[in-house]
Amino acid sequence: MLRCLVVGLLVLAGSFPVGSFVPATAGPRSTRTAAARADFNWGAAARPSLLERDPGYAQALADNFTVITPENALKFDTVHPAPDRYDFGPGDRLADFARAHGMKMRGHTLVWHAQLPDWVTRETRTRDQWIGLMRDHIVTVLGHYRSAYPDVFYQWDVVNEAFDGRGERRPSVWQKGIGDDYVELAFRFAREAWPGMQLFYNDFDDGTGESDCDRSAKCAAIKRLATRFRSRSVPLDGIGFQGHIKDLDSPDFGSLAGWVERLGLRWAITELDMTCTSARPPQVDRPACFASQARAFGAAVRACVDSPACDTVVQWGVSDRDSWLNRMTYDPSANPLAFDRQFGYKPAAYAVVKELSG
Ligand code: G3I
């Protein structure tokens with residue numbers, strides 16, 4: 001206990017790179033301990049390959065988070081690589097890690113336009129064949145995790161990013177092959193496969209940073225869909241706001257999600273990260289960027305804590321070292337998360353602890 005106390009004090013002082021020598025249990029002032037005490041789901045997107053390759057990564061994931069979202073392990077191309085073959089290995093490794101460390105998981109994502117294997121995208125099919133393919137995928141994946149890890153998963157992104165920035169339907173294989181009702185069918189298949197699982201629609205706001213949903217074409221389209229679903233008892237339980245934000249357009253999530261609560265749905269911030277336009281090369285102003293991130297991460301957690309319909313904020317990665325943005329050419333300077341490249345606490349991590357500690 002003394003060791004944890006010492007670690008915790010050093011962490012508070014900002015002088016201890018948490019995640020490298022932290023004992024198997026989270027420090028007393030860690031984001032994980034603050035989340036657990038607040039009965040709040042604070043998570044990270046994770047990759048099984050890094051769990052095995054990087055002990056510091058595994059330690060940081062276990063010590064700083066209470067929830068895991070598989071960054072890619074449960075997407076179609078990984079989990080259903082061939083018509084008659086499913087590969088639950090990567091997802092199971094994350095679920096085993098979550099179970100071993102007392103963590104929960106958000107499933108991500110069953111129906112999306114991206115990361116589809118060639119055998120799905122290159123075939124022509126009738127509408128009924130597309131519906132059958134989508135149903136088999138949903139029922140098989142949810143069926144596996146319902147039977148193998150019923151204690152671990154609590155929310156699932158059923159459909160991801162069905163709308164484009166104009167609020168129009170994306171021309172995905174699902175949209176073209178089935179039509180508008182593919183979204184409703186996906187949620188009905190998912191409810192049939194796992195009654196009691198929180199089924200979410202997940203999307204991003206195209207960086208408009210708008211806090212008034214009706215002023216964002218995409219958010220307004222999602223709101224119309226959700227309203228129609230509620231009136232027709234389509235089994236939609238929640239809306240995921242991804243939260244890929246920039247310092248100049250960080251939305252007020254509480255305002256943005258007000259309509260969700262009024263519809264009787266839950267909401268979550270599912271993929272939080274923040275790039276700093278002020279930190280783009282050549283002028284890399286790290287202190288200003290990290291202070292801006294602290295305000296944004298703190299405000300996001302505060303908005304969720306203050307809402308009776310929200311209990312989950314997930315950042316999209318464990319640390320700046322593994323962020324997807326590092327591979328995006330448009331932001332090679334990305335340091336978008338609450339933990340730095342040595343898994344140390346950045347101002348945003350302290351802001352999360354502060355907001356969760358009331
Ligand atoms: O698995 C292959 C590997 O075999 C191959 O050698 C390698 C060559 O580049 O590619 C690997 O696949 C990559 C995959 O991530 C797994 O690492 C893809 O190229 C790469 O495009 C893919 O990127 C993912 C991206 O979704 C795809 O759109 C990111 O890791 C992931 O963080 C990102 O996550 C999405 C959310 O799921 C939905 N919301 C937006 C978010 C950011 O795009």
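Just above sits the structure.
To start, this report covers the structure provided alongside it.

Rules of the game
Residues numbered from 1 in each chain as written. Predicted model: local features only at pLDDT ≥ 70, side-chain atom pairs only at ≥ 80, totals over all residues. Heavy atoms only, no water. Helix = DSSP H or I, 4+ residues; strand = E, 2+ residues; numbered from the N terminus. Contact = heavy atoms within 4.5 Å. Areas by Shrake-Rupley, 256 points an atom, 1.4 Å probe, with all protein chains shown as cover. Salt bridge = Lys/Arg side-chain N within 4 Å of Asp/Glu carboxyl O. Buried < 20%, exposed > 50% of the residue type's maximum accessible area, 1.4 Å probe, protein only. Core = buried A, V, L, I, M, F, W, Y, C linked by side-chain atoms within 4.5 Å. Near = heavy atom within 4 Å. Polar contact = N/O pair within 3.5 Å; in protein donor to acceptor, adjacent residues only side chain to side chain. Nonpolar A, V, L, I, M, F, W, Y, C, P; charged D, E, K, R; others polar. Phe/Tyr/Trp six-rings, centres within 6.5 Å; stacked < 30°, edge-to-face > 60°. Pairing = 2+ DSSP bridges. Disulfide = S-S within 2.5 Å.

Helix and strand counts for the protein stand at 15 helices and nine strands. Taking the contacts inside the protein whose residues are at least 6 apart along the sequence as the reference set, 75% of them involve residues at least 24 apart. Summed over all atoms, the accessible surface of the protein reaches about 14200 Å², with 53% contributed by carbon and sulfur.

To continue, consider the pattern of salt bridges. Here the structure, examined in full by the defined rule, presents 21 salt bridges. Between R188 and E184 there is a salt bridge, with the nearest N and O atoms lying 3.0 Å from each other. Taken together, the residues R188 and E184, both in helix α10 (residues 182-193) and four residues apart, mark about one turn of the helix. On the basis of relative accessible area, R188 is assigned to the partly exposed category, the value being 33%. Among the ionic pairs, D320 bridges to K346, the shortest N-O distance being 2.7 Å. Pair noted here: D320 is in the loop between β9 (310-315) and α15 (347-356) and K346 is in the loop between β9 and α15, with a separation of 26 residues, a long-range link.

Let us now look at the nonpolar core. Membership of the largest hydrophobic core comes to 103 residues, with the highest contact counts inside it found for F153, W174 and W267. W174 has contacts with F76, V111, W112, L116, V120, W130, L133, M134, G179 and Y182, leaving out every residue within four places of it along the chain.

Once that is clear, we can look at the site of the ligand. Around the ligand sit 14 residues, and of these E71, K75, H108, E271 and W316 come closest. Between the ligand and the protein, one listed contact pairs an oxygen atom with a side-chain N or O atom of E71 at 2.6 Å. Between N72 and the ligand, the recorded distance is 3.0 Å, taken from a side-chain N or O atom to an oxygen atom. Out of a free accessible area of 790 Å², the ligand has 49% covered by protein chains. Class assignment of the residues belonging to the shell around the ligand gives a composition of three nonpolar, six polar and five charged.

Here we take up the packing of aromatic side chains. Enumeration over the complete set of coordinates arrives at 18 aromatic pairs. Between Y145 and W156, the aromatic rings sit 6.1 Å apart at their centres with planes inclined by 50°, giving tilted as the arrangement. Linking Y145 in helix α8 (residues 127-148) with W156 in strand β4 (residues 153-160), this pair joins segments that are 11 residues apart in sequence. Ring geometry for Y345 and Y350: centres 5.5 Å apart, planes at 50°, overall tilted. On the basis of relative accessible area, Y350 is assigned to the partly exposed category, the value being 23%. Among the aromatic residues, those joined into a cluster by ring pairs are Y86, F88, Y145, Y149, F153, W156 and W194.

Once that is clear, we can look at the pairing of strand β8 (residues 266-275). Walk down a regular strand and you will see the side chains alternate between the two sheet faces. In terms of burial, β8 is largely enclosed, as nine of its 10 residues are buried. Alignment of strand β6 (residues 238-241) against β8, held across four bridges, turns out to be parallel. Bridging from a neighbouring strand, G238 pairs with R266 of β8. Of the pairings in the sheet, the one linking strand β7 (residues 244-246) to β8 comprises three bridges and is parallel in character. Residue pairing in the sheet places K246 in a bridge with T275 of β8. In this structure, β8 lies alongside β9, joined through three bridges in parallel fashion.

Now for the state of the cysteines. Inspection of every chain in the model, using the stated rule, returns two disulfides. With a sulfur-sulfur separation of 2.1 Å, C213 is cross-linked through a disulfide to C219. On the sign convention where negative is left-handed, the bridge of C213 and C219, at about -110° about the S-S bond, is left-handed. For C304, the disulfide goes to C310, at an S-S distance of 2.0 Å. Residues C304 and C310 are joined through a disulfide that is left-handed, its torsion about the S-S bond being -95°.

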